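# Inside the fold
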Amino acid sequence: MSATERLYYRDSHLLEFDARVIGVNERDDGAIALTLDRTAFYPTGGGQPNDTGTLGEARVIDCIDAEEQGVLHLVQGPVPQIGDTVHGKIDSLRRLDHLQQHTGQHILSAAFVKLFDAGTHSFRVMEHECEIDVALEDPTDEKIQKAVDLANQTIWHNLPIAIHEVTAEEAARLPLRKDAAREGELRVIEITGVDLTPCGGTHAQATGEVGVIAVRGWERAKGLTRIQFMAGGRVVDDYRHANRTAAATATLFSAGRDDSPSLVAKLIDDNKKLARRVRELDEIACRVRAQEMLREATAKDGSGLRIVRRTLDDCDADSLKRLALALVAQDNVIALLGSRDADTARLVFARSSDASGDMNALMRKVCEMIDGRGGGKPDLAQGGGKNVEAIDETLAAAETSLSQT
Ligand SMILES: [Zn+2]
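Presented here is an overview of the structure given in this document.

The rules behind these values
Residues numbered from 1 in each chain as written. Predicted model: local features only at pLDDT ≥ 70, side-chain atom pairs only at ≥ 80, totals over all residues. Heavy atoms only, no water. Helix = DSSP H or I, 4+ residues; strand = E, 2+ residues; numbered from the N terminus. Buried < 20%, exposed > 50% of the residue type's maximum accessible area, 1.4 Å probe, protein only. Contact = heavy atoms within 4.5 Å. Polar contact = N/O pair within 3.5 Å; in protein donor to acceptor, adjacent residues only side chain to side chain. Pairing = 2+ DSSP bridges. Axes fitted to C-alpha atoms, helices over the stretch in contact; angles between N-to-C directions. Expected span 1.5 Å × (residues − 1). Salt bridge = Lys/Arg side-chain N within 4 Å of Asp/Glu carboxyl O.

## A look at the side chain of asparagine 360
Among the secondary structure elements, asparagine 360 is positioned in helix α7 (residues 359-366). Residue class for asparagine 360 comes out buried when judged on its relative accessible area of 17%. Setting aside anything within four residues of it in sequence, one finds asparagine 360 in contact with Gly375, Gly376, Lys377, Pro378 and Ala381.

Structure representation (structure tokens):
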């Protein structure tokens, strides 16, 4: 027997009540916990979050089910004394939201059982959406949509929802959707003709109060199907948000709201073609640039080896590599290139097939000068780092190192 009579068991629409304070305790975390002889505040449990509201002048920020010790109301503000009578007031919008999500879950879970014999293993009300884990084999969008459609039919038929107090023996004879989690007296929630399940949560008086159910997504999780759904006011909020997002996207195309997916797909396709074209043009530009650089580069000794050392601005890693490859396509060339690519220092070392030198070893040797890392093959190596200021001296050090080997 609990110390607190739970008024929400009989009437989930009771939002104000008077009660006597029977316990005032400071908890280890410093919060003050009030116990009352009766309460309409729902404590967290069964996947449903607690109510909030006021007790007298104090604000109720959390409610905990302490079983036999009753319901603990964690409060902030002026604390009443033991024996005081306090007036309790539940935050009605939060209660209505929880009632819609929770009752919506009964209705959706019943639909999965009726259509696919798929039971619900767990349920959670979260900040924006709810989750159920359902034993649904081979889930598909179509199957889940079918269950949502049936659930909405149940809602719109506005079926009465009744509460029955039954003994364990009586419960054993009832076709309950799930087994009772507790012993003794049971509270069974009946949605006429649709569902019969033991539950201690707060429910609608008729299914119409839930308004509507919508599914946002689903995934396979731990051998079950995890379904993200929402009910009632949350669906309206989410629709408003989704509509605004879709309309804003469509406006960018000067198109109708629902035309966006095909227009975005076309844009992505066009972008891929453009990127391919830019790459082709960059290859041509790199070849021309490489010719200019090679004309300026003179062999320093009788070997005929030309070393091209250059720092470029705003050249990305791919373009820098293309330029290096265009340079070493000629005989007897070593390219030591660097680039300031946004906040990143990039290096590419490459050599012609007939030139000597290990570009990988060279890159590994100098990369720490730009606070970075790099490597590759003997004829081509790449590196990157954070110190863009040190690119010039790093390339100079690389050239010095080459002449010493
Ligand atoms: Zn319930």
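## Focus: the side chain of aspartate 51
As for its position among the elements, aspartate 51 is in the loop between β4 (38-39) and β5 (53-55). Overall, aspartate 51 belongs to the buried group, its relative accessible area being 0%. At 2.8 Å, the side chain of aspartate 51 and the backbone nitrogen of tyrosine 42 are in polar contact. In terms of polar contacts, aspartate 51 uses its side chain to reach the side chain of arginine 95, at 2.5 Å. Among residues more than four places away in sequence, those in contact with aspartate 51 are Ala40, Phe41, Tyr42, Cys63, Ile90, Arg94, Arg95 and His98.

## A word on the sheet that holds strand β16 (residues 306-313)
The five strands lie next to each other as β16-β17-β18-β20-β19, forming an open sheet whose pairing is mixed. Taken across any chain shown, the strands that pair with only one partner, and hence form the sheet edges, are β16 and β19 (372-377). With direction set aside, neighbouring strand axes in the sheet form an average angle of 10 degrees. Both β19 and strand β20 (residues 380-385) contribute to a ladder of six bridges, which runs antiparallel. Bridge pairing in β20 places glycine 374 opposite glycine 383.

## Remarks on helix α8 (residues 391-403)
Here α8 contains 13 residues, and its C-alpha end-to-end distance of 19 Å stays within 8% of the 18 Å for a straight helix at 1.5 Å per residue. On its buried face, α8 sits against β16, β17 (333-341), β18 (344-351) and α7.

## Describing the pattern of salt bridges
Scanning the entire structure with this criterion turns up 23 salt bridges. Taking the shortest distance from any N to any O, the salt bridge between arginine 95 and aspartate 51 comes out at 2.5 Å. On the criterion of sequence distance, the pair formed by arginine 95 in helix α1 (residues 92-116) and aspartate 51 in the loop between β4 and β5 is long-range, its members being 44 residues apart. An identical accessibility class is assigned to arginine 95 and aspartate 51; each is buried.

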